[in-house]
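Here is how the chains run, residue by residue.
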Amino acid sequence: MISRVLPYVATRFQSKGVLDVASLGFRIAGFQAGAVALSNIARKSYAGSVNNPALKAIQIETLAFCNYKCSFCPTNQIEMPKGRMTDRLFESLIDQLREFEGEIRLYLRNEPLLDKRIFDFAKTADEQTKGKVVIQTNGSLLTYEAAQKLAPHAKIVVNDYTDGEVGSRIEEFAKEFDIVIANRGSDKGLSNRAGNLPSAKPKKLDAFCNRPFNQLYIAYNGQAALCCQDWTLEEIMGDASVSTLEEIWTGSTIVNKRKELLERKRTGLCAKCDYPGV
Ligand code: SF4
């Protein structure tokens, strides 16, 4: 067990930093107030960067489908916009990210390995940008051959929601390809998914949230979602099929949202969300 926890924590630390890991620890322990306190610490560091903060990661949803129906995830539990990103849009996004040095995460509300193009997309993103490509998958479709094609171009993290079934199947070749396996359990939920989960009530927190300050989320149709909790694409920050990523990132919609969050005002989707903010 420990042998799987440590690589996952190390990967998360590298990707999201110490406050995120500490907040996760508090949430697992059921100490929400501790996580909110960390969020308020983080808030101060973003105060001077409302208009154009440093983008650390972009999530790109190439195909909005999943083959699982998990109790803690709205996908396949609620109606949500679904479709396939065009090759042209994907190429346009990568073209704009040529100098980007952060993480390019090829997933959002979906299972990325359902998209047969994911191998070519990971290769393109790896070779044509300075970013680090990351794929988080439920592992159900991860074979030795798939890992062999993906691993040279992407960090692969398998979230095992099957109480070890997937993890045991891929364990041997996971070592060969430096794949991180996280035992997520079959019924683990640490947030109410901003009110999008039928089994969890909307909840309002008077807290900051760092997500619109460091991450951009592009759905299959080019719409830039507020964050990874926006399953129904309810709050759209812009449209990457008609605007550049820079225009979206510095546009008035997302800037106004950041101003609200800095003041610990949660409106719209955020008013239903119990994510503590880091
Ligand atoms: S408060 Fe919740 S809904 Fe709002 S940006 Fe943060 S994670 Fe998303």
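What you see is a predicted model; the values in this text were computed from it and never measured.

Here's the deal with helix 3 (residues 32-46)
Here is step 1 of the chain: Relative to the 21 Å expected for 15 residues at 1.5 Å per residue, helix 3 spans 21 Å between its end C-alpha atoms, a close match to the ideal helical length.
Here is step 2 of the chain: Listed in full, the buried residues belonging to helix 3 are Ala35, Val36, Leu38, Ser39, Ala42 and Arg43. When helix 3 is viewed along its axis, its buried side chains cluster within an angular range of 160° and face the same direction. Of the exposed residues in helix 3, those oriented more than 90 degrees away from the buried face are Ala33 and Lys44.
Here is step 3 of the chain: Buried-residue contacts for helix 3 involve helix 2 (18-28) and helix 10 (252-262).

Quick word on the pairing of strand 3 (residues 132-137)
Here is step 1 of the chain: With 5 of 6 residues buried, strand 3 is to be regarded as a mostly interior element.
Here is step 2 of the chain: A crossover links strand 2 (residues 103-105) with its parallel partner strand 3, the connecting element being helix 5 (residues 118-128), and its sense is right-handed.
Here is step 3 of the chain: One ladder, built from 4 bridges, connects strand 3 with strand 4 (residues 155-160); its direction is parallel. Residue pairing across strands places Val134 opposite Lys155, the latter belonging to strand 4.
Here is step 4 of the chain: At this point the chain moves from strand 3, through helix 6 (residues 144-150), to the parallel strand 4, and the crossover so formed is right-handed.

Quick word on the site of the ligand
Here is step 1 of the chain: Around the ligand, the structure places Ala194, Cys209, Arg211, Pro212, Leu226, Cys227, Gln229, Arg266, Leu269, Cys270, Cys273 and Tyr275.
Here is step 2 of the chain: Of the residues assigned to the shell around the ligand, the class counts are 9 nonpolar, 1 polar and 2 charged.

Here we look at the environment of Leu269
Here is step 1 of the chain: Along the polypeptide, Leu269 turns up in the segment after helix 10.
Here is step 2 of the chain: On a C-alpha basis, the gap between Leu269 and Ser39 in space is 18 Å, while along the polypeptide they are 230 residues apart.
Here is step 3 of the chain: Excluding anything up to four places from it in sequence, Leu269 contacts Ala194, Leu226, Gln229, Asp230, Glu234 and Glu235.

Observations concerning the sheet that holds strand 8 (residues 236-239)
Here is step 1 of the chain: Here 8 strands make up an open sheet; going across it, the order is 5-4-3-2-1-6-7-8 and the pairing mixed. Whereas interior strands pair on both sides, the edge strands pair on one side only; in this sheet they are strand 5 (180-183) and strand 8. The sheet shows a mean angle of 25° between the axes of neighbouring strands, direction not considered.

Things to note about the nonpolar core
The nonpolar side chains of soluble globular proteins are, as a tendency, buried together.
Here is step 1 of the chain: Counting residues in each nonpolar core, the largest one holds 62 residues, and the members touching the most others are Leu106, Ala122, Ile135, Ile156, Val158, Ile218 and Ala224.
Here is step 2 of the chain: Ile156 has contacts with Ile135, Thr137, Ala147, Leu150, Ala151, Phe177 and Ile179, leaving out every residue within four places of it along the chain.

Some details on the pairing of strand 1 (residues 57-60)
Here is step 1 of the chain: Taken together, the 3 bridges between strand 1 and strand 2 define a ladder with parallel strand orientation. Counted as the bridge partner of Ala57 is Glu103 from strand 2.
Here is step 2 of the chain: Following the chain from strand 1 across helix 4 (residues 87-96) to the adjacent parallel strand 2, one finds a crossover that is right-handed.
Here is step 3 of the chain: Here 4 bridges tie strand 1 to strand 6 (residues 215-218), and the two strands are oriented parallel to one another. For Ile58, the partnering residue across the bridge sits in strand 6 and is Leu216.

Some points on the environment of Gly139
Here is step 1 of the chain: Tracing the chain through its elements places Gly139 in the loop between strand 3 and helix 6.
Here is step 2 of the chain: Residue class for Gly139 comes out buried when judged on the 25 C-beta atoms lying within 10 Å of it.
Here is step 3 of the chain: Ignoring any residue separated from it by four or fewer positions in sequence, one finds Gly139 in contact with Val158, Asp160, Val166 and Ile170.

As for unusual backbone geometry
Here is step 1 of the chain: Even without being glycine, Arg193 reaches a positive phi, approximately 55°.
Here is step 2 of the chain: Note on placement: Arg193 falls in the loop between strand 5 and helix 8 (211-214).
Here is step 3 of the chain: By C-beta crowding, Arg193 is classed as buried, having 26 other C-beta atoms within 10 Å.
Here is step 4 of the chain: Despite not being glycine, Arg264 has its phi angle at roughly 60°, a positive value.
Here is step 5 of the chain: Relative to the helices and strands, Arg264 resides in the segment after helix 10.

Overview of the packing of helix 2 against helix 3
Here is step 1 of the chain: Where helix 2 meets helix 3, the axes come as close as 7 Å, and the angle between the chain directions of the two elements is 160°. Accordingly, the angle class assigned to the pair helix 2 and helix 3 is roughly antiparallel. The two elements helix 2 and helix 3 meet at a crossing, and its hand is left-handed. Residue-level contacts link Leu19, Ala22, Ser23, Phe26 and Arg27 of helix 2 to Gln32, Gly34, Ala35, Leu38, Ile41 and Ala42 of helix 3.
Here is step 2 of the chain: Residues belonging to the contact of helix 2 with helix 3 are distributed by class as follows: 7 nonpolar, 3 polar and 1 charged.

Quick notes on the environment of Phe213
Here is step 1 of the chain: Examined against the element boundaries, Phe213 turns out to sit in helix 8.
Here is step 2 of the chain: Between the C-alpha atoms of Phe213 and Leu55, which are 158 residues apart in sequence, the distance is 7.2 Å.
Here is step 3 of the chain: Leave out the neighbours within four places in its chain, and Phe213 touches Tyr46, Pro53 and Arg258.

Cut-off values and rules
Note on numbering: residues in each chain are counted from 1, in written sequence order. Predicted model: local features are reported for residues with pLDDT of at least 70 only, side-chain atom pairs are reported and counted for 80 or more only, and whole-chain, interface and lining totals are derived from all residues. Under the scheme used here, helices are H or I runs from DSSP no shorter than 4 residues and strands are E runs no shorter than 2 residues, and both carry numbers assigned from the N terminus. Expected helix span is given by 1.5 Å per residue-to-residue step, counting one fewer step than there are residues. To sort residues by burial, count the other C-beta atoms lying within 10 Å of each one's C-beta; a count of 20 or more means buried, 12 or fewer means exposed, and anything in between means partly exposed. C-beta atoms are built from the backbone. Working definition: the arc comes from the directions between the helix axis and the C-beta atoms, pointing outward to the latter. The contact criterion used is a C-beta to C-beta distance within 7 Å, with each C-beta placed from the backbone. Place the viewer so that the strands point away; then a crossover is right-handed whenever the path from the first strand over the helix to the second strand goes clockwise. For two strands to be treated as a pair, DSSP must find at least two bridges joining them. Being near a molecule or strand means, for a residue, that its backbone-placed C-beta atom lies within 6 Å of it. Residue classes follow a fixed rule: Ala, Val, Leu, Ile, Met, Phe, Trp, Tyr, Cys and Pro count as nonpolar, while Asp, Glu, Lys and Arg count as charged, and any other residue, Gly among them, counts as polar. Interaxial angles span 0 to 180 degrees and are taken between N-to-C directions of axes, which are lines fitted to C-alpha atoms, for helices over the stretch in contact. Note on terminology: a nonpolar core is a set of buried residues of type Ala, Val, Leu, Ile, Met, Phe, Trp, Tyr or Cys, with members joined through C-beta atoms within 7 Å. By the definition adopted for this analysis, an angle is roughly parallel if under 35 degrees, roughly antiparallel if over 145, roughly perpendicular if from 65 to 115, and oblique otherwise. Note on convention: the crossing is left-handed when the near helix lies turned anticlockwise from the far helix by less than a right angle, right-handed when the turn is clockwise.

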